[in-house]
Amino acid sequence: MNTVPGRRIRVLAATTATAGLVLVAGCTSSDSGGSGGRTAAGGVELVKAGQLTTCTHLPYPPFQSEIDGKVQGFDVSLVDLVAEDLGVKQQIVDTPFENFKTGAFLNSGQCDLAAAGMTITEERKKNVDFSDPYFDATQAVLAARGSGVRSLADVKAKGVKLGAQAQTTGEDYAKSKGFDPVSFESSDAVLNGLRTGQVKAVIIDYPVVQGWLKDKANAAAFEVVDNLNTGEQYGFTVKKGNTKLLAAVNKAIEDAKADGTYKKLYEKWIGPYDASAASPSAS
């Protein structure tokens, strides 16, 4: 993902602070730590007392985005479950996407966990430890209705300008198929590029498209012309060797699938429930 040099990191917290830096984050958990120490339930060590600090990159609806002044979404809700189990609150920090690939903010102690709709890959595993997969993802090709584009093959055959989010598996996939896509910094920028005619088709994670097409105006003007099953699965990440936090994350995911919470959150944020997403195969 393209980043702006010197981009300021935003802390999205549950309290009001300096304007422009701190916003309200979606949090359902309560701080029951009481001791003021950095050790949470289960002996999990946190970078800041009383909170689970989560790195993300905004916006990436329906997984995380600012809605009514709060950061909300599927990822946010799942990580809230982890925070609740630990007896703390979740605080969200907006950071450049490349840090998720390198684990920079985890390794430097600025965040406990990263949640950004991030695909589990062998290359990324070299730098971070991934949770169990919590979501099966596919890529979608989106184009304007009436464009004549009916597939990714059509995009190439017709010489249509293709867009993708920089530093993502979608962009990697496009390049592997011989495309030189126009790179955009965020998923919102990709879709805006399509809407404004900067590109005529985009390749982007299908869950993002699902949420975007819920808007009737978008659905009337644009359509999914191809679904690409790339075998991708999303996972949360922690600093390498942080076994206790990783176990807590995996337990929260497992419990949510067992008690129906995962299904409810899926239907709220993603759309009609796909049972295969609840029991993804090992990545």
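Since the structure is predicted, the reported quantities are computational estimates derived from the model, not experimental observations.

Draft legend 1. A look at the overall build of the protein. For the protein, the helix and strand inventory stands at twelve helices and 14 strands. Among the 283 residues that make up the protein, the fraction classed as buried is 49%. For the protein, restricting intrachain contacts to residue pairs at least 6 apart in sequence, the fraction spanning at least 24 positions comes to 71%. Total accessible area computed for the protein in this model is approximately 12400 Å², and 49% of it derives from carbon and sulfur atoms.

Draft legend 2. Quick look at unusual backbone geometry. The amide bond that connects L58 to the next residue, P59, takes the cis arrangement and shows omega of -5°. Of note, P59 is situated in the loop between β3 (51–56) and β4 (65–67). With an omega of 5°, the peptide bond running from P61 to P62 counts as cis. When you line up the elements, P62 lands in the loop between β3 and β4. Positive phi outside glycine occurs at D68, with the angle close to 55°. Its place among the elements puts D68 in the loop between β4 and β5 (70–72).

Draft legend 3. Spotlight on the pattern of salt bridges. By the definition in use, this model includes eight salt bridges. A salt bridge links D129 to K240, with the shortest nitrogen-to-oxygen separation between them at 3.1 Å. With a gap of 111 residues between them, D129 in strand β8 (residues 128–130) and K240 in the loop between β14 (237–239) and α10 (243–259) connect regions that are remote in the sequence. For K240, a relative accessible area of 40% translates into the label partly exposed.

Draft legend 4. Local environment of the state of the cysteines. In total, this model carries one disulfide according to the counting rule given. One disulfide bridge connects C55 with C111, the sulfur atoms lying 2.0 Å from each other. Across the disulfide from C55 to C111, rotation about the S-S bond amounts to roughly 70°, and the bridge is consequently right-handed. In this pair, C55 is assigned in strand β3 and C111 in the loop between α3 (104–107) and β7 (113–114), connecting sequence segments 56 residues apart. There is no split in this pair, since C55 and C111 are both buried.

Draft legend 5. Molecular detail of the packing of aromatic side chains. If you walk through the whole model with that rule in mind, you get 15 aromatic pairs. Seen from their ring centres, F63 and F135 are 5.4 Å apart, and the 85° between their planes marks the pair as edge-to-face. Of this pair, F63 sits in the loop between β3 and β4 while F135 is found in strand β9 (residues 135–144), placing the two residues 72 residues apart along the sequence. Here F63 and F135 have matching classes, each one buried. An angle of 35° between the planes, with centres 6.4 Å apart, marks the rings of F74 and Y134 as tilted. Here the residue F74 occupies a position in helix α1 (residues 74–86), and Y134 occupies one in the loop between β8 and β9, the gap between them amounting to 60 residues. Using a relative accessible area of 0% as the deciding quantity, one classes F74 as buried.

Draft legend 6. Quick look at the pairing of β3. By the criterion of burial, β3 is predominantly enclosed, with six of the six residues buried. With burial as the criterion, each face of β3 is covered, one bearing Q51, T53 and C55 and the other bearing L52, T54 and T56. When β3 meets strand β6 (residues 89–94), the two strands line up parallel, connected through six bridges. Opposite T53, over in β6, you have Q91 as the bridge partner. As paired elements, β3 and β7 share two bridges and run parallel to each other. When the bridges of β7 are listed, T54 appears paired with L113.

The rules behind these values
Residues numbered from 1 in each chain as written. Predicted model: local features only at pLDDT ≥ 70, side-chain atom pairs only at ≥ 80, totals over all residues. Heavy atoms only, no water. Helix = DSSP H or I, 4+ residues; strand = E, 2+ residues; numbered from the N terminus. Buried < 20%, exposed > 50% of the residue type's maximum accessible area, 1.4 Å probe, protein only. Contact = heavy atoms within 4.5 Å. Areas by Shrake-Rupley, 256 points an atom, 1.4 Å probe, with all protein chains shown as cover. Salt bridge = Lys/Arg side-chain N within 4 Å of Asp/Glu carboxyl O. Disulfide = S-S within 2.5 Å. Phe/Tyr/Trp six-rings, centres within 6.5 Å; stacked < 30°, edge-to-face > 60°. Pairing = 2+ DSSP bridges.

Nothing here speaks to function; it is all geometry.
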